[in-house]
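Read off the chains here:
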Amino acid sequence: MPLWKVYHPADAFSADDKRELSRRITALYRNLPKFYVGVVFQEVAADSFYVGGEPNGNFVRIWIDHIARTLPTPEMRTWWIGQCDEALAPFVRDRGLDWEFHIDETAFDLWSIQGYRPPLPDSEDEKRWRRENRPSPPTAQ
C-alpha cells in the first residue's frame, strides 16, 4: 500500500492536475492492485508552511508510505527515486515550485485492508486482487 501525502500551496493544483498526478503515481506501481495506491492532497496556507524558519508559499512536501513492497538495495532505491522524480517533474519542478519527498517503509505484516491480510507479493491471490481491483478473502488452500 503506497500512500502519498502531498502538502502544497493553496491553488497549486487544479482538480484536473490532482487527477492526472494521481494517475501518474498509480502507474508507478503497475505490479500492484490499483486500489493499493492512495494519494491525499493537503492544501497549506502560505503563512502555515515554514522552511528554515521562514514562510515558504512555494513549497511542496510529499510523504510517501510504502507497505506492499520495499526497496531493499541501494540500486533499487536510486532507480525508484528517479521514477518518482520523473512522475512529479511536470507538476512541481516544471512549474517552478520548491519540492522534496521522502519514503517510509512499514513492515508488511503490520497491514490490513478492509479486514483482510493482504496476499504475499506476486502470489496468485495478489494477482487476483490486481485483476479484480478489490480486496477479497484468500483462496482456499
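Values in this document were obtained by computation on a predicted structure and should not be read as measured data.

**Q** Lay out the side chain of Glu-126 with the relevant residues and their values.
**A** Of note, Glu-126 is situated in helix H3 (residues 124-132). A distance of 2.8 Å separates the side chain of Glu-126 from the backbone nitrogen of Asp-122, its partner in a polar contact.

**Q** Please give an account of the sheet that holds strand S5 (residues 59-66) that cites residues and values.
**A** Pairing in this open sheet of four strands is mixed, and the strands run S2-S1-S5-S6 from one edge to the other. This sheet does not close on itself; its edge strands, each paired only once, are strand S2 (38-44) and strand S6 (98-105). This sheet shows a mean twist of 15 degrees between the axes of neighbouring strands, independent of strand direction. Examined bridge by bridge, strand S1 (residues 3-9) and S5 share five bridges and lie antiparallel to one another. Note on S5: the bridge partner recorded for Trp-4 is Ile-64.

**Q** Go over the packing of helix H1 (residues 15-28) against helix H2 (residues 74-88) with me, naming the residues and quoting the values.
**A** Interhelical geometry of H1 versus H2 gives an angle of 160 degrees and a closest axis separation of 10 Å. The orientation of H1 with respect to H2, classified from their angle, is roughly antiparallel. The handedness of the crossing between H1 and H2 is right-handed. Taking contact as the criterion, the partners of Leu-21, Arg-24 and Leu-28 in H1 are, on H2, Trp-80, Gln-83, Cys-84, Glu-86, Ala-87 and Leu-88. Broken down by class, the residue content of the contact of H1 with H2 amounts to six nonpolar, one polar and two charged.

**Q** Describe the pairing of S5, with residues and values.
**A** Counting buried residues in S5 gives seven out of eight residues, a clear majority hidden from the surface. Of the strand pairs in this sheet, S5 and S6 are connected by eight bridges, and their pairing is parallel. Bridge assignment links Ile-62 to a residue of S6, and that residue is Phe-101. In this region the chain leaves S5, passes through H2 and returns to the parallel neighbour S6; the handedness of that crossover is right-handed.

**Q** Account for H3, with residues named and values stated.
**A** Those residues of H3 not exposed but buried are Asp-125, Glu-126, Arg-128 and Trp-129. Here the buried residues of H3 occupy an arc of 155 degrees about the axis, which is enough to place them on one side. In this structure, H3 carries Glu-124 and Arg-131 as exposed residues pointing more than 90 degrees from its buried face. Once H3 finishes, Asn-133 follows within two positions and takes phi at roughly 55 degrees, a positive value.

**Q** Describe the packing of aromatic side chains, listing the residues and the values that go with them.
**A** Following the criterion strictly, the structure yields ten aromatic pairs and no others. Aromatic side chains Phe-13 and Phe-41 sit 6.1 Å apart centroid to centroid with 65 degrees between the ring planes, which places their arrangement in the edge-to-face category. Of the two residues, Phe-13 is situated in the loop between S1 and H1 and Phe-41 in strand S2; the sequence distance between them amounts to 28 residues. There is no split in this pair, since Phe-13 and Phe-41 are both buried. Here the aromatic rings of Trp-79 and Trp-80 are separated by 5.8 Å at their centres, their planes lie at 45 degrees, and the arrangement is tilted. Grouping aromatic residues by their ring pairs yields a cluster made of Phe-35, Tyr-36, Phe-108, Trp-111 and Trp-129. One cation-aromatic arrangement involves Lys-5 over Trp-63; the distance from NZ or CZ to the ring centre is 4.0 Å.

What counts and what doesn't
Residues numbered from 1 in each chain as written. Predicted model: local features only at pLDDT ≥ 70, side-chain atom pairs only at ≥ 80, totals over all residues. Heavy atoms only, no water. Helix = DSSP H or I, 4+ residues; strand = E, 2+ residues; numbered from the N terminus. Polar contact = N/O pair within 3.5 Å; in protein donor to acceptor, adjacent residues only side chain to side chain. Pairing = 2+ DSSP bridges. Axes fitted to C-alpha atoms, helices over the stretch in contact; angles between N-to-C directions. Parallel < 35°, antiparallel > 145°, perpendicular 65-115°, else oblique. Left-handed = near helix turned anticlockwise from the far one by under 90°. Contact = heavy atoms within 4.5 Å. Nonpolar A, V, L, I, M, F, W, Y, C, P; charged D, E, K, R; others polar. Buried < 20%, exposed > 50% of the residue type's maximum accessible area, 1.4 Å probe, protein only. Right-handed = clockwise from strand over helix to strand, strands pointing away. Arc of directions from axis to C-beta. Phe/Tyr/Trp six-rings, centres within 6.5 Å; stacked < 30°, edge-to-face > 60°. Lys NZ or Arg CZ within 6 Å of the ring centre and 35° of its normal.

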